[in-house]
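A structural walkthrough
What follows is the residue order along each chain.
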Number of protein chains: 2
Amino acid sequence: MIRALPLGSLLLLVPLTLSAAEPGPAPSAVRGSQFPRLNGDGTVTFRVRAPKAQSVQILPKGDHSGLGDKPIDLKPEGDAWNVTTPVTPGFHYYSLVIDGFEGVDPSNQTFFGWARECSALEVPDPGLTFYTPRDVPHGEVRVCTYRSKVAGGLRRVFVYTPPGYETERDRRYPVLYLQHGSGENERGWSEQGRCNVILDNLLAEKRAVPMLIVMENGYPTPPDQPPAQRGAAGGGPGGPDRFGEMVVKDLIPFIDGKFRTLADRENRAIGGLSMGGGQAVRTGFGNLDTFASIACLSGGIGGSFNQETSYNGAFKNVEEGNRRVRLFWFGSGTEDRAITGARSTHEALAEKKIDHVFFEIPGAHEWQVWRKSLYDLAPRLFRDKGAAATQ
Amino acid sequence: MIRALPLGSLLLLVPLTLSAAEPGPAPSAVRGSQFPRLNGDGTVTFRVRAPKAQSVQILPKGDHSGLGDKPIDLKPEGDAWNVTTPVTPGFHYYSLVIDGFEGVDPSNQTFFGWARECSALEVPDPGLTFYTPRDVPHGEVRVCTYRSKVAGGLRRVFVYTPPGYETERDRRYPVLYLQHGSGENERGWSEQGRCNVILDNLLAEKRAVPMLIVMENGYPTPPDQPPAQRGAAGGGPGGPDRFGEMVVKDLIPFIDGKFRTLADRENRAIGGLSMGGGQAVRTGFGNLDTFASIACLSGGIGGSFNQETSYNGAFKNVEEGNRRVRLFWFGSGTEDRAITGARSTHEALAEKKIDHVFFEIPGAHEWQVWRKSLYDLAPRLFRDKGAAATQ
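Keep in mind that what you see is a predicted model, and the values were worked out from it rather than measured. (Residues numbered from 1 in each chain as written. Chains lettered and ligands numbered in written order. Predicted model: local features only at pLDDT ≥ 70, side-chain atom pairs only at ≥ 80, totals over all residues. Heavy atoms only, no water.)

Describing the overall build of chain A
Rule in force here: For helices the rule is a DSSP run of H or I covering at least 4 residues; for strands it is a run of E covering at least 2, with both sets numbered from the N terminus onward. Only protein chains enter the calculation, and the probe is 1.4 Å; a residue is then buried if its accessible area is under 20% of its type maximum, exposed if over 50%, and partly exposed in between. Accessibility throughout is a Shrake-Rupley quantity obtained with a 1.4 Å probe, and a residue counts as covered only by protein chains that appear here.
A tally of helices and strands in chain A yields 7 helices and 19 strands. Per-residue burial for chain A yields a buried fraction of 61% across its 391 residues. Summed over its atoms, the accessible surface of chain A is roughly 14,800 Å², and 50% of this surface lies on carbon and sulfur atoms.

Now the structure itself:
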């Protein structure tokens, strides 16, 4: 017998003071590079060799980044430019700006974000180990290829399979479809989000139901349309309508044909972050015969709930909606502007007694919040509603 | 009945004149970016917005790159810098240099090479489709996690499984262990090399035996040693001795435990490119009870063959060596300085009647040669020696 995590339990895991990481190269530094360097005291040092440059800056990406909100000037010393600056634990996109040119830091790894390869600093949080690889049974992340007629081409999809998928050869699994945010791609949830590590660890503690996680690219631009770089989730040809159509018509049949899935609505969830949250809401509530669980992380939930029209009218009849929707999960970091709509939606739904899970946690519009969100969400998926969850 | 490809057959597939690709953004440009732009006439245009920069250059990486051998100056026009320059088909690493700072082109994808994230321009070759995704059954690339005692940590390994691996549930498969070059990592063979696409296409034409391909990181630096960035294949703690030990003691048991392999020497091959070629030769010939086939792409073969000592003395007795080594494959591009040693080794082995396949093809020390090398190598693997090969 396993109880679902009580709401907000994760908050207890977050240290009240900023914890210092061990001194040394950041985990995101490329092999053999000494910088970016974490100093063990809540600061990071960047060092860049650019002897002919006139100015060198670190530019935090996004609001309230763990690196701050403003460009950080490096100072020349010999042929290197240096700066030591405060940083919080987590995963922070940043650019390296050389004489006004916004590029990447070659001493650090890149991740696909901001519609391009983008540097991101990983700062361990000594208080949190749920996304750290451990000696537990490991699932796989599989890079698969399929054809989407809706998007008009061969596409790449990442699929997490849990430990045991290969050996329990007749077992079938529920599926979470999980989407990245604006300007990111299908790599996001495994590379930035470490969803495979999070699930491996949860499963080792028997705190989640073994499931597949399917991660596609949220930009199903057809070949005759210019592809969107960022945003474009507003219903245009590359937006969520086409995305939902692609998921329902092409992706789900491919996944259910290839993997040993439990191929019914009760065992299918869709979630996403930011732009992907909007896509999850639209595709999920637009196809309740296909999905029974919907999760919306940090944006896309809307703010003004209308019982007749919101969520495709799923809660016009509350009792029926509550019966039909197995899990409706949404949340946001408290420093994210999405928190406002999430809170007002939470209040409106609570007033109407519409079942949902509202998750808020300190943090900005950053991957550390999305890792924590998945850590709260995953144990709640594919459980009996209202009952103590069992595996 | 399928015949192995005759030596050099690939040469016939290479157009004698440079073919022009379709005009448009390079396939390596990030989603929605118009540059780098292929002009359809054997040239590429780079455009970079860097209004405050004093100089902007494209720096081809490596000798005889398809972008040339020298830095290419961009010229300012308004707030953008532009250049149009000749390019050959293939995959060419390059840097974007802003005021002397060697960075990455954010409008193009990065790949792990040169000990960092590095830009690389993909230029299609209209004469070659063997590495282009097609509507054929697709295998998977699986990202797996295992612990290496030798390297002292959890490590990431990429494994290609062929189409049918999931459905032919009792079939067992031979395994090719395939290594990247200096400064690269376990991503190289699938991302730069497209080994999964090459195998999918070969298998669809029934020109290769279905096999697994296992791709590890060639730098098994233990935690108490500073990691090597490039090179360091010379036998030090991060070098090939430790690599071979890791492969034999940790990686092979993991793979044979997890996957349905044919777990004997006859069905196990090791190959690699450049530094990885040296590792393949050393690990393969050093462990002939474990590997029966060895492939060495573009370096690492040596140049002065000594029958008593070369290749761990495997050919001291030619008859026995020829019987024991199922396939000894090596080759190089003709513009690669590794060609000299490869040719002299080929001559020395031929004189001694030591069985081997020598593969040479126009090209430099670049991934296009390694894609072509795999396309020649894979159909020869796990076949009966000297007989017409059957699947």
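We are not done yet, so read on.
Description of helix H6 (residues 338-351) of chain A
Turn by turn, an α-helix covers 3.6 residues, leaving residues three or four places apart pointing in a common direction. All names here are of chain A. Just so we agree on the cut-off: One fewer than the residue count of a helix, multiplied by 1.5 Å, yields its expected span. Here a residue-residue contact requires only that any non-hydrogen atoms of the pair lie within 4.5 Å.
Taking 1.5 Å per residue, 14 residues should reach 20 Å; H6 reaches 20 Å between its end C-alpha atoms and fits that length. Among the structural elements, strand E18 (327-333) and strand E19 (357-361) are those in contact with the buried residues of H6. Just past H6, the residue lysine 353 takes up positive phi, approximately 60°.

Here's the deal with the relation of the copies chain B and chain A
Formally: Only residues with pLDDT of at least 70 in both copies count here: their C-alpha atoms drive the least-squares fit that superposes the copies.
Aligned on chain A, chain B shows an RMSD of 0.0 Å; the corresponding rotation is 180° and the shift along the axis is 0.0 Å. Here the two chains are linked by the operation of a two-fold rotation axis. Considering only C-alpha atoms, the part of chain B nearest the rotation axis is Arg142(B), at 2.1 Å. In this assembly, 100% of the residues forming the interface of chain B have copies in chain A that are likewise at the interface, indicating an isologous arrangement.

A closer look at the packing of aromatic side chains
All names here are of chain A. Here is the rule we go by: Two rings belonging to Phe, Tyr or Trp (six-membered ring only in the last case) form a pair when the distance between their centres is within 6.5 Å. Interplanar angles under 30 degrees mark stacking, angles over 60 mark edge-to-face geometry, and anything in between is tilted. By the criterion adopted, a ring carries a charge over it if an Arg CZ or a Lys NZ lies within 6 Å of its centre and within 35 degrees of its normal.
Scanning the entire structure with this criterion turns up 41 aromatic pairs over all chains. With a centroid separation of 4.9 Å and 80° between ring planes, the pair formed by phenylalanine 91 and phenylalanine 111 is classed as edge-to-face. In this pair, phenylalanine 91 sits in strand E8 (residues 90-98) while phenylalanine 111 sits in strand E10 (residues 110-113), placing the two residues 20 residues apart along the sequence. Site record: aromatic cluster; members linked through ring pairs are Phe285, Phe305, Tyr311, Phe315, Phe328, Phe330 and Phe358. Across from the ring centre of tyrosine 131, 4.6 Å away, lies the NZ or CZ of arginine 371, which sits over that ring.

With respect to the interface of chain B and chain A
Note the cut-off: Throughout, the accessible surface (probe 1.4 Å) given up by two parts as they are put together, summed over both, is called the buried area. What counts as a salt bridge is simple: a side-chain nitrogen of Lys or Arg found within 4 Å of a carboxyl oxygen of Asp or Glu. Pairing of N or O atoms within 3.5 Å defines a polar contact, subject to two protein rules: one partner must be a possible hydrogen donor and the other a possible acceptor, and residues neighboring in sequence count only if both atoms are side-chain atoms. Classes in brief: Ala, Val, Leu, Ile, Met, Phe, Trp, Tyr, Cys and Pro nonpolar; Asp, Glu, Lys and Arg charged; the others, Gly included, polar.
At the junction of the two partners, chain B supplies 51 residues and chain A supplies 51 residues. When chain B packs against chain A, the two sides together hide about 4,200 Å² of surface, and 52% of this comes from carbon and sulfur. For the chain B face of the interface with chain A, the top three residues by lost area are Arg31(B), Phe101(B) and Arg169(B), together amounting to 20%. There are 10 salt bridges connecting chain B and chain A. A salt bridge links Asp135(B) to Arg147(A); the nearest nitrogen and oxygen atoms lie 2.8 Å apart. On inspection of chain B and its partner chain A, the count reaches 18 residue pairs in polar contact (both at pLDDT 80 or more). For the side of chain B that touches chain A, the secondary structure elements donating two or more residues are strand E3 (43-49), strand E8 (90-98), strand E9 (101-103), strand E10 (110-113), strand E11 (116-123) and strand E12 (140-148) of chain B. In terms of residue count, E12(B) provides more of the side of chain B that touches chain A than any other element does, 7 residues in total. Taken together, the residues of the side of chain B that touches chain A sort by class into 21 nonpolar, 13 polar and 17 charged.

A word on the pattern of salt bridges
Residues and elements named next belong to chain A. Using the criterion set out here, one finds 52 salt bridges over all chains in the structure. The shortest N-O distance in the salt bridge between glutamate 191 and arginine 187 comes to 2.9 Å. When its relative accessible area of 28% is taken as the criterion, glutamate 191 is described as partly exposed. Here arginine 207 makes a salt bridge to glutamate 205, at a shortest N to O gap of 3.0 Å.

A few points about the side chain of Ser310(B)
Position of Ser310(B) relative to the elements: it lies in the loop between strand E17 (293-297) and helix H5 (318-324). Residues within four places of Ser310(B) in sequence aside, it is in contact with Ser304(B) and Phe305(B).

Some points on the nonpolar core
Quick reminder of the rule: Definition used in this section: a nonpolar core is a set of buried Ala, Val, Leu, Ile, Met, Phe, Trp, Tyr and Cys residues joined via side-chain atoms within 4.5 Å.
Trp189(A), Leu374(A), Trp189(B) and Leu374(B) are the most contacted members of the largest nonpolar core, which has 84 residues in total. Counting residues in each nonpolar core, the second largest holds 43 residues, with Ile255(A), Ile270(A), Cys296(A) and Ile354(A) among its members.

Looking at the environment of Ala292(B)
Residue and element names in this part refer to chain B. Within the secondary structure, alanine 292 is located in the loop between helix H4 (275-286) and E17. Separated by 26 residues in the primary sequence, alanine 292 and glutamate 266 have C-alpha atoms spaced 5.2 Å apart. Sequence-distant contacts of alanine 292, defined by excluding residues within four places in its chain, comprise Arg265, Glu266, Arg268, Arg324, Val325, Arg326 and Leu327.

Considerations on the state of the cysteines
For clarity, the threshold we go by: For this text, the term disulfide refers to a pair of cysteine sulfurs within 2.5 Å.
Applying the stated rule across the entire model yields 0 disulfides over all chains. The closest cysteine sulfur to the non-disulfide-bonded Cys195(A) is located on Cys144(A), 13 Å from its own sulfur. A relative accessible area of 0% means that Cys195(A) is categorised as buried. Distance from the sulfur of Cys118(B), which forms no disulfide, to the nearest cysteine sulfur (Cys118(A)) is 17 Å.

Structural notes on the packing of helix H2 (residues 195-204) of chain A against helix H7 (residues 367-377) of chain A
Residue and element names in this part refer to chain A. Worth spelling out the cut-off: Axis definition: a line fitted to C-alpha atoms, over the contacting stretch in the case of helices. Angles run 0 to 180 degrees between N-to-C directions. If you view the pair so one helix is near and one far, a crossing is left-handed when the near helix is turned anticlockwise from the far one by less than a right angle, and right-handed when it is turned clockwise.
The interhelical angle for the contact between H2 and H7, taken along N-to-C directions, is 35°, at an axis separation of 10 Å. Seen along the crossing, H2 lies across H7 with a hand that is right-handed. Contacts between H2 and H7 pair Cys195, Ile198, Leu199 and Leu202 from the former with Arg371, Leu374 and Tyr375 from the latter.

Overview of the pairing of strand E15 (residues 212-215) of chain A
Residues and elements named next belong to chain A. Threshold: Two strands are counted as paired when DSSP detects at least two bridges linking them.
Side chains of E15 alternate between two faces, with Leu212 and Val214 and Ile213 and Met215 buried alike. As judged from the 3 bridges shared by strand E13 (residues 153-161) and E15, these two strands associate in the antiparallel manner. Across the sheet, residue phenylalanine 158 finds its bridge partner in E15, namely methionine 215.

Quick notes on the sheet that holds strand E6 (residues 75-77) of chain B
Residue and element names in this part refer to chain B. Across the sheet, 5 strands lie side by side as E1-E2-E3-E7-E6; this open sheet has antiparallel pairing. The open sheet has two edge strands, strand E1 (24-25) and E6, and neither has a second partner. Alignment of strand E2 (residues 37-38) against E3, held across 2 bridges, turns out to be antiparallel. Along E3, the bridge assignment pairs arginine 37 with threonine 45.

A word on the sheet that holds strand E1 (residues 24-25) of chain A
All names here are of chain A. Reading across the sheet, the 5 strands line up as E1-E2-E3-E7-E6 and stay open at both edges, with antiparallel pairing between neighbours. Of all the strands in the sheet, the pair left with one neighbour each is E1 and strand E6 (75-77). Of the pairings in the sheet, the one linking E6 to strand E7 (residues 80-86) comprises 3 bridges and is antiparallel in character. Its bridge partner being in E7, lysine 75 is matched across the sheet by asparagine 82.

Read these as layout, nothing more, since geometry by itself doesn't imply function.
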